[in-house]
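# Observations on the model geometry
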Amino acid sequence: MPRDIPATKGVYLLERVTNKEINLENIDEEMRMEQVRQAGAKLDWASFGQAVRRNLQEKRNTIDADGRIDVLKSLAFMKTKLPIEPEAPMEEKIRIMAESLGCTHVRTTRGWTITKPEELNMDLTIKNGEVDTVVLSFWEEPAFYSRDATKTLHKGEWSELRDRLANMLAVYNKDLSRNDRKTCKAAMDVLGSMLKTMNADEMYTSIQNNNYGYYLNRSDLRQGRLYYNVEPLYRRVRAKHHTYSLQKEDLDILPYFEFSFVPSESVQAFPEHNPYGEWKETGSAKAAVCLKLSKGVLVSEPTRRKLHEISARSTTIQCYTNCYRYLTGSVLIKDNLKMITQFPGECTQHHYTIDRSSFTSEGDSVITEIYLKRLQDFHKVIEILRKEAMHISIWESVLADCYELQGLEERMVPAINMFVNLSRNVITIRFKTKYAPIRVCIRDGVWIEAKVEVVNDQTGAKIADRVDELLTRKLNETWSIPIMLTFAVSGEDCALEKMKVPLREENPETKLPTPTKIIVHKN
């Protein structure tokens, strides 16, 4: 049970005691942590480096060989992320910038040059102690004046410029041979030119419907990006503001991937794209094409297998999960999951019961990188990711329309009972009408469309082609199960059940937040 513990200055804090005995281990741990904090407060990077050097050169076995190697790797990573203080002397800022990029730096008559052979050459002109201009050259390309880099340093954002340069250099992995890098670069140049000619216009619908998405050309300090998906909900939200084409604020919101190249154990063929729209594999390199996703993408296990068929190696997996349970958040699932829609007014609601078996498997995953065998297969990845996004969004639509707001007033509503089973191959929804038991099946269709089929749940007989066509069209327009089902059935067709809402009292979203209790004691 909670009890009040008197604190300093007359304030009592509520503490929950989990063990009545004094925990000496916790006290000792806290004392040692405080010693670490006090010692850490006195450290700067110079003394930190000296301390690490002494420990690594120590002859006593305080750290084993593997541990010391891990320390060295950690230090190498930290070195690439060291903050560059704007107030530091110019020579210090140049030194940290160069070392964190793995470059050399040399003072020149006009300022400084930072160089990494075959990868980067950066000339900084200094006037009155400040950077005046920045000239860049990547991968032995012709040098150019970089307005973006110059502006970034004028604002004192040295760490920002370093990170953006590192991202540019990451396009071609440092372990690639010079010849392999040249082959990859030639293929990427061809691909970029091809994408420019085949680009969709900037309308959201065009981006979604184009086989190759929308390619945003490379800038001074940013890799090229291929935007591959604009969901119907996003288009509707933007349409409310009379926006129908790509805007600057969309560029960091919409999903995209960037191309890069990494070493491969086997030789891969690299193509050229001729004026007749044909790919010809004319080069080869021990490299794989890496599609780096802008953010982790939730995919089912069957979809990951499809990606594996065209991959040079396994996708980079952030975590394993169940994709349906992953999206439910903190909702507790002990048995079949029950949810009810929140349609406005006196509308008939849908009461969903989702089979518990939909949430048990752990083979799904969140992925961050895909490695292709063939560069020209990138459009297959777009198709796979779009279909997966549609499938996930269809399930998300149920969660969104059943979201119970905080402080929801208790009341009784009429509802149609519906039983749902989720799988990647088919989503099945069953309900009874006055005429027949109905089964609605949702499967992948051609390209990025879903296909809806409505049958008699007992006989398997199709209800009507026009019903399938209507529901298929509505689902593809909205990616929403609840909206689609309003065109399939109404309250007049079914025996309705009176349901009390909110449905799940244990849900955090149905409860107002409980403030932490602080008791003030007046002396």
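The structure this text deals with has already been given above.
Attention here is on the structure that accompanies the text. (Residues numbered from 1 in each chain as written. Predicted model: local features only at pLDDT ≥ 70, side-chain atom pairs only at ≥ 80, totals over all residues. Heavy atoms only, no water.)

What follows is about the packing of aromatic side chains. Under the criterion given, the structure shown has 12 aromatic pairs. Ring centres 5.1 Å apart and planes at 90° place the aromatic pair W139 and Y172 in the edge-to-face group. Taken together, the residues span a long stretch of sequence, with W139 in the loop between β6 (130-138) and β7 (144-145) and Y172 in the loop between α6 (158-169) and α7 (178-198) at a distance of 33 residues. With a centroid separation of 5.9 Å and 80° between ring planes, the pair formed by F259 and F378 is classed as edge-to-face. Here F378 lies in helix α12 (residues 378-401) and F259 lies in strand β10 (residues 256-273), a separation of 119 residues in the sequence. In this structure, F259 and F378 share a single accessibility class: buried. In this structure an aromatic cluster arises from ring pairing among F138, W139, Y172, F261 and F270. Taking the ring centre of Y371 as reference, the NZ or CZ of R313 above it sits at 4.2 Å. (Phe/Tyr/Trp six-rings, centres within 6.5 Å; stacked < 30°, edge-to-face > 60°. Helix = DSSP H or I, 4+ residues; strand = E, 2+ residues; numbered from the N terminus. Buried < 20%, exposed > 50% of the residue type's maximum accessible area, 1.4 Å probe, protein only. Lys NZ or Arg CZ within 6 Å of the ring centre and 35° of its normal.)

Another aspect to go through is the nonpolar core. In terms of nonpolar packing, the biggest core is built from 62 residues, with F259 and F378 touching the most fellow members. Residue contributions to this core peak at seven residues, all from strand β11 (residues 279-299). The contacts of F259, once residues within four sequence positions are left out, are V171, M188, L191, Q223, L226, V289, C290, L291, L375 and F378. The next biggest cluster of nonpolar side chains, apart from the first, holds 39 residues, and it includes I394, I429, W479 and M484. (Core = buried A, V, L, I, M, F, W, Y, C linked by side-chain atoms within 4.5 Å. Contact = heavy atoms within 4.5 Å.)

A word on the pairing of strand β19 (residues 450-456). Most of β19 sits out of view: five of its seven residues are buried. Hairpin connection from strand β18 (residues 437-444) to β19: five residues lie between these consecutive antiparallel strands, with W447 at a positive phi of about 50°. (Pairing = 2+ DSSP bridges.)

It is worth spelling out the environment of L372 at this point. The topology assignment puts L372 in strand β15 (residues 364-372). On the accessibility criterion, L372 (0% relative accessible area) is buried. Taking the C-alpha atoms as reference points, L372 and H308, separated by 64 residues in sequence, lie 8.8 Å from one another. Beyond its immediate stretch of four places on either side in the chain, L372 contacts A288, V289, L291, I310, S311, A312, D377, F378 and V381.

This paragraph deals with the packing of helix α4 (residues 90-100) against α6. For any two helices packed against each other, one specifies the crossing angle of their axes together with the interaxial distance. Where α4 contacts α6, the two axes come as close as 10 Å, and the packing angle between them is 25°. Between α4 and α6, the angle falls in the class roughly parallel. The chirality of how α4 crosses α6 is right-handed. Residues M90, K93, I94, M97 and S100 of α4 touch α6, and the partners they reach there are W158, L161, R162 and L165. Of the residues in the contact of α4 with α6, the class split is six nonpolar, one polar and two charged. (Axes fitted to C-alpha atoms, helices over the stretch in contact; angles between N-to-C directions. Parallel < 35°, antiparallel > 145°, perpendicular 65-115°, else oblique. Left-handed = near helix turned anticlockwise from the far one by under 90°. Nonpolar A, V, L, I, M, F, W, Y, C, P; charged D, E, K, R; others polar.)

With antiparallel pairing, the five strands of this open sheet are ordered in space as β3-β4-β5-β6-β7. The sheet terminates laterally at β3 (104-107) and β7, the two strands that pair on one side only. Where strand β5 (residues 120-127) and β6 come together, eight bridges link them in antiparallel fashion. Each residue of the ladder has a partner; that of N121, found in β6, is S137. Against the sheet, helix α5 (residues 147-154) contacts β5, β6 and β7, and its axis sits at roughly 145° relative to β6. Sheet strands touched by α6: β5 and β6. Its angle to β6, the strand with the most contacts, is close to 5°.

Note that the residue after V501, namely P502, is joined by a cis bond; omega there is 0°. The backbone of E118 sits at a positive phi, close to 70°, despite the residue not being glycine. By secondary structure assignment, the location of E118 is in the loop between β4 (111-116) and β5. Judged by relative accessible area, which is 27%, E118 ranks as partly exposed. The residue E140 is not glycine, and still its phi comes out positive at about 65°. Here E140 is to be found in the loop between β6 and β7.

Listed as buried for helix α9 (residues 232-239) are P232, Y234 and R238. For α9, the buried positions fall inside an angular range of 160° around the axis, keeping them on one side. Buried residues belonging to α9 abut α8 (204-209) and α13 (465-478). (Arc of directions from axis to C-beta.)

Turning our eyes to something else, we now look at the pattern of salt bridges. By the definition in use, this model includes 32 salt bridges. Of the charged contacts in the structure, one is a salt bridge between R162 and D163, with a shortest N-O distance of 2.8 Å. Residue R162 is classed as buried on the basis of its relative accessible area, which comes to 2%. One salt-bridge network, held together by shared partners, links E118, E140, R178 and R181. (Salt bridge = Lys/Arg side-chain N within 4 Å of Asp/Glu carboxyl O.)

Right, let's get into the pairing of strand β16 (residues 411-421). Examined bridge by bridge, strand β14 (residues 349-354) and β16 share six bridges and lie parallel to one another. Within β16, the residue paired with H351 across the bridge is N417. The pairing of β16 with strand β20 (residues 497-501) spans five bridges and is antiparallel. Residue pairing in the sheet places V413 in a bridge with M499 of β20. When β16 meets strand β17 (residues 427-432), the two strands line up antiparallel, connected through three bridges. Residue pairing in the sheet places V420 in a bridge with I429 of β17. Here β16 folds back onto β17, and the loop between the two strands holds five residues.

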